[in-house]
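# A closer look at the structure
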Amino acid sequence: MKPLIVKNTGEKIYPTKVICLARTYRKHAEEMKSELPSEPILFLKPPSAIIYSSDDIVIPEISKEVHYEGELAVIIGKGGKNISEEKAYSHIFGYSAFLDITARDLQSHAKSRGYPWSISKGFDTFAPLSEVVKKEEIEDPHNLNIKLWVNDRIKQNSNTKYMIFTIDQIIGYISKIMTLEKGDIIATGTPEGVGEIKKGDCIVLEIDKVGRLENYVV
Ligand code: MG
């Protein structure tokens, strides 16, 4: 399993879990023909899915339709349970650029039957993650441009200000359910513009000041 790598220091941190949010941007919920939630929708990815920039994303044989989703990830520094929104910032270590790679056909199949999303979200290489930037370097995580290109064509172009929950709310909500530990990754959901990737494609994700991912699909 790959650890998180902290930018500049090279420190390695092993996450215990990757917690992902769904439908946190209004326009993405609309393009998925889904309702906006009144509280966060959560699912987990196994940490074994983590890869780095320049590693390859592997399309699994059992999927015919794999999608990219560019997202801001929040990395937990100080663990905790029942963290108040007021104290949430003190539990953050930093931020990364994150790709929530999704086997959309398998997810649609699971959704239609009420099954969990674990298969569609959990394949090896389905969690590309940039180096972690410490929180002190990011003035306002709620105002970061997030852009994604496939083969140099821009596909996603939004800003974290359009998220329907604040990071403080998200940390407060998750920590009521599960203890957060150092290194845990919270992927805050994707804006509109998701789409398919095929073998040979090059995906680039850039989030202002946070990081850049560049991954080929094989
Ligand atoms: Mg996502």
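Scroll up a little and you will see the structure.
Anyway, here's the lowdown on the structure attached to this text. Bear in mind the structure is a predicted one, so any value in this text is a computation, not a measurement.

### Remarks on the nonpolar core
One finds I101, I171, I186 and I203 to be the most contacted residues of the largest nonpolar core, which totals 44 residues. The residues touching I186, leaving out its near neighbours within four places in the chain, are I19, L21, L72, A73, V74, I76, I170, I171, I174 and L180. Residues F93, F98, V132 and A187 belong to the second largest nonpolar core, which totals 19 residues.

### A short note on the pairing of strand β13 (residues 153-159)
The pairing of strand β12 (residues 145-150) with β13 spans 6 bridges and is classified as antiparallel. Looking across to β13, one finds that N145 is bridged to N159. The turn linking β12 back onto β13 is made up of 2 residues, and N151 within it adopts a positive phi angle of 50°.

### As for the coordination of the magnesium ion
Here the magnesium ion is held by the protein donor atoms E69 (OE), E71 (OE) and D100 (OD), which lie 2.0 to 2.1 Å from it. Written as a sequence motif, the donor arrangement for the magnesium ion is E-x1-E-x28-D. E71 carries the same exposure label as E69, and that label is buried.

### Re the pairing of strand β16 (residues 202-207)
In terms of burial, β16 is largely enclosed, as 5 of its 6 residues are buried. With 5 bridges connecting them, β12 and β16 associate as antiparallel partners. The residue bridging L148 from the neighbouring strand is L205, located in β16. What sits between the antiparallel neighbours β16 and strand β17 (residues 211-216) is a turn of 3 residues, in which K209 has the positive phi angle 60°.

### Describing empty space enclosed by the protein
By the definition in use, this model includes 1 cavity of 30 Å³ or more. The volume enclosed by the largest cavity comes to roughly 110 Å³. Around the largest cavity, the lining is made up of 17 residues, and of these A22, R23, H28, E69 and W117 lie nearest the centre. Looking at which element gives the most residues to the lining of the largest cavity, the answer is helix α2 (residues 104-113), with 3 residues. In terms of residue class, the lining of the largest cavity is built from 5 nonpolar, 5 polar and 7 charged.

### Digging into the sheet that holds strand β9 (residues 102-103)
Read across the open sheet, the 3 strands follow the order β9-β6-β15; overall the sheet is antiparallel. The open sheet is flanked by β9 and β15 (195-197), the only strands paired with a single partner. Sheet topology places strand β6 (residues 66-68) next to β15; 3 bridges connect them, and they run antiparallel. Looking at the pairing, V66 lines up with I197 of β15.

Definitions and limits used
Residues numbered from 1 in each chain as written. Predicted model: local features only at pLDDT ≥ 70, side-chain atom pairs only at ≥ 80, totals over all residues. Heavy atoms only, no water. Core = buried A, V, L, I, M, F, W, Y, C linked by side-chain atoms within 4.5 Å. Buried < 20%, exposed > 50% of the residue type's maximum accessible area, 1.4 Å probe, protein only. Contact = heavy atoms within 4.5 Å. Pairing = 2+ DSSP bridges. Helix = DSSP H or I, 4+ residues; strand = E, 2+ residues; numbered from the N terminus. Donors = N, O, S within 2.8 Å, 3.2 Å for Na, K, Ca; no water. 1 Å grid on protein atoms, 1.4 Å probe; cavity = no way out; pocket = protein on both sides within 12 Å on 5 of 7 lines; lining within 4 Å. Points joined across faces, edges and corners; volume = space filled by probe spheres on them. Nonpolar A, V, L, I, M, F, W, Y, C, P; charged D, E, K, R; others polar.

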